[in-house]
Amino acid sequence: MDPQRQREIASEGGRAAHAKGTAHEFTSEEARRAGAMSHKNGNRQSAARASSSAESDQGNLAGPSDGRNDNRQG
């Protein structure tokens, strides 16, 4: 499914839940605890993205990807 369409559907659901009065609204304390837990667990998604980005950056620094090794002698 298109990510934009998925966001629209989720947004409609959130508005409906708030209108109905069944939506959860975080208190400042709940949000603070959730943030602390995320940081304590190392926020795995961010770490995975950073790792993936670093690997692709290293690949770009490695030289030509056509199999040539310009540093070979002979």
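In what follows, the structure referred to is the one given above.
Residues numbered from 1 in each chain as written. Predicted model: local features only at pLDDT ≥ 70, side-chain atom pairs only at ≥ 80, totals over all residues. Heavy atoms only, no water.

Engineer: Got a sec to walk through the overall build of the protein chain? Specific residues and values, please.
Structural biologist: Regarding its fold elements, the protein chain presents three helices and zero strands. For the protein chain, the α and β elements follow one another from N to C terminus as α-α-α. By the burial criterion, 0% of the 74 residues in the protein chain qualify as buried. Counting every atom, the protein chain has about 6,800 Å² of accessible surface; 49% of that belongs to carbon and sulfur. (Helix = DSSP H or I, 4+ residues; strand = E, 2+ residues; numbered from the N terminus. Buried < 20%, exposed > 50% of the residue type's maximum accessible area, 1.4 Å probe, protein only. Areas by Shrake-Rupley, 256 points an atom, 1.4 Å probe, with all protein chains shown as cover.)

Engineer: Any chance you could break down the environment of Ala-17 for me, citing the residues and the numbers?
Structural biologist: Within the secondary structure, Ala-17 sits in helix 1 (residues 3-20). With relative accessibility at 22%, the residue Ala-17 sits in the partly exposed group. Not counting chain neighbours up to four residues away, the residues in contact with Ala-17 comprise Thr-22 and Ala-23. (Contact = heavy atoms within 4.5 Å.)

Engineer: How would you summarise the pattern of salt bridges if you had to cite specific residues and measurements?
Structural biologist: Tallied over the full model, the rule gives two salt bridges. Note that Arg-5 is salt-bridged to Glu-8, the shortest N-O span being 3.3 Å. With Arg-5 and Glu-8 both in helix 1, this residue pair falls three residues apart, about one helical turn. Exposure remark for Glu-8: the relative accessible area of 34% places this residue in the partly exposed category. Between Glu-29 and Arg-32 there is a salt bridge whose closest N-O contact spans 2.7 Å. Taken together, the residues Glu-29 and Arg-32, both in helix 2 (residues 28-40) and three residues apart, mark about one turn of the helix. (Salt bridge = Lys/Arg side-chain N within 4 Å of Asp/Glu carboxyl O.)

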